[in-house]
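# Inside the fold
Residues per chain are reported as follows:
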Amino acid sequence: MKIDREKIVVPNHRNKGLDFVKGWLVVGMVAYHVASYSNYAGRGDHQLISYALNFISGSWIYISGAIIATLYASKSTRDWKSVAKRLTVRGLKLLAIFMVLNLILIGLGWSRLGPDYSFKTVYTVLVPGTGDASFEILIGISYVLLISPVLLSHMWIGVFLALAIILSELFIYYQGNDVALNHWILACGAGGFLAGRLIVSDWFKKSLLHNSKNIVLLLAAIASVALYFYIKSSWHLGTRNML
């Protein structure tokens, strides 16, 4: 029997909605960095762009947490060890890439960390976080990947751990202390994980939101974005102190 190769359809397992969001996050990241670090960074229009797009970094980490909860949760129930190993290796690879890139930039004199590179510098960047290292978003994604085996070990363990990370950040802030950058990064990933767990839950699949052809979800998303910018501009809250 002759097979017509032109009629063979290869199944596409990519999530187009997720690809769309990640694509616009890339565009937003480029626009944010251009506005923040160009020669005109102090101008009003550039400051406005930086102000409007400073949620981009946290969004990448949030998306990472959501992907782990939606795409890897079902796989982990069948073969947790294999999934845990894969995510851990990916996290370590990203951390290694981050270190190598920053060592190169320090050697070239292009890093804001300065030439006085030491173990203390490594500790400060990797533990509390500084915001001065380049590609620091890789640290956030790496840490979310590294804790993901624990998040995926059991549904309720993951939910309680994610809630603990978020609530501990809020507790530190409302005690009058500064929240470490990497702590905030983990909270973004934990928030994405909780959102992903909600999306794949049986309760959500049976709810009106899931069966409304995405119209209600779209309206809820638009309302959430509007609320975010209203709170941010009216109450002068930002990434560190807004749940």
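Remember, predicted model here, so these are calculated numbers, not experimental data.

Definitions and cut-offs
- Residues numbered from 1 in each chain as written.
- Predicted model: local features only at pLDDT ≥ 70, side-chain atom pairs only at ≥ 80, totals over all residues.
- Heavy atoms only, no water.
- Helix = DSSP H or I, 4+ residues; strand = E, 2+ residues; numbered from the N terminus.
- Expected span 1.5 Å × (residues − 1).
- Buried < 20%, exposed > 50% of the residue type's maximum accessible area, 1.4 Å probe, protein only.
- Arc of directions from axis to C-beta.
- Contact = heavy atoms within 4.5 Å.
- Axes fitted to C-alpha atoms, helices over the stretch in contact; angles between N-to-C directions.
- Left-handed = near helix turned anticlockwise from the far one by under 90°.
- Nonpolar A, V, L, I, M, F, W, Y, C, P; charged D, E, K, R; others polar.
- Polar contact = N/O pair within 3.5 Å; in protein donor to acceptor, adjacent residues only side chain to side chain.
- Patch = residues over 30% accessible without salt bridge, like charges linked within 9 Å, V, L, I, M, F, W, Y side chains within 5 Å.
- Areas by Shrake-Rupley, 256 points an atom, 1.4 Å probe, with all protein chains shown as cover.
- Salt bridge = Lys/Arg side-chain N within 4 Å of Asp/Glu carboxyl O.
- Lys, Arg positive; Asp, Glu negative; His and termini not counted.
- Charge placed at Lys NZ, Arg CZ, Asp CG, Glu CD.

### Notes on helix 7 (residues 155-174)
Taking 1.5 Å per residue as the helical rise, helix 7 with its 20 residues ought to reach 28 Å, and the 29 Å between its terminal C-alpha atoms agrees with that figure. If you check which residues of helix 7 are buried, you get Gly158, Val159, Ala162, Ile165, Ile166, Glu169 and Leu170. Viewed along the axis of helix 7, the buried residues span an arc of 130 degrees, placing them on a single side of the element. The exposed residues of helix 7 that point more than 90 degrees off its buried face are Phe160, Leu167, Phe171 and Tyr174. Of the surrounding secondary structure, the elements contacted by the buried residues of helix 7 are helix 6 (137-153) and helix 8 (181-200). Of the residues trailing helix 7, Gly176 is marked for its positive phi of about 90 degrees.

### Observations regarding the packing of helix 3 (residues 56-78) against helix 8
Contact geometry for helix 3 and helix 8: axes closest at 7 Å, N-to-C directions at 40 degrees. Here the hand of the crossing between helix 3 and helix 8 comes out right-handed. Contact residues: Gly58, Ile61, Tyr62, Gly65, Ala66, Ile68, Ala69, Thr70 and Ala73 in helix 3; Trp184, Ile185, Cys188, Gly189, Gly191, Gly192, Phe193, Ala195, Gly196, Arg197 and Val200 in helix 8. Classifying every residue of the contact of helix 3 with helix 8 gives 12 nonpolar, seven polar and one charged.

### A closer look at the environment of Phe55
By the element assignment, Phe55 lies in the loop between helix 2 (44-52) and helix 3. Spatially, the C-alpha atoms of Phe55 and Gly28 are 9.5 Å apart, while their sequence positions differ by 27 residues. Contact partners of Phe55, with chain neighbours within four places excluded, come to Tyr228 and Phe229.

### Here we look at the side chain of Ser148
Note on placement: Ser148 falls in helix 6. Here the side chain of Ser148 touches Leu145 through a polar contact of 2.4 Å, landing on its backbone oxygen. Setting aside residues up to four positions removed in sequence, Ser148 forms contacts with Ile68 and Leu87.

### Some remarks on the environment of Ala35
Structurally, Ala35 is set in helix 1 (residues 16-37). Along the primary structure Ala35 and His46 are separated by 11 residues, whereas in three dimensions their C-alpha atoms are 4.8 Å apart.

### Some words on the side chain of Asn182
By secondary structure assignment, the location of Asn182 is in helix 8. Given a relative accessible area of 3%, Asn182 falls into the buried group. Within the structure, the side chain of Asn182 is placed 3.2 Å from the backbone oxygen of Val125, a separation counted as a polar contact. Polar side-chain contacts of Asn182 include one of 3.0 Å to the backbone oxygen of Val127. Leave out the neighbours within four places in its chain, and Asn182 touches Val125, Leu126, Val127, Pro128, Gly129, Ile139 and Tyr143.

### So, a positive patch on the surface
On the surface, a cluster of positive charge is made up of Lys75, Arg78, Arg86, Arg90 and Lys93. Sorting the residues of the positive patch by element identifies helix 3 and helix 4 (80-108) as the ones contributing at least two each. When residues in the positive patch are grouped by element, the largest group, three residues, is from helix 4. Positionally, Lys75 belongs in helix 3. For Lys75, a relative accessible area of 33% translates into the label partly exposed.

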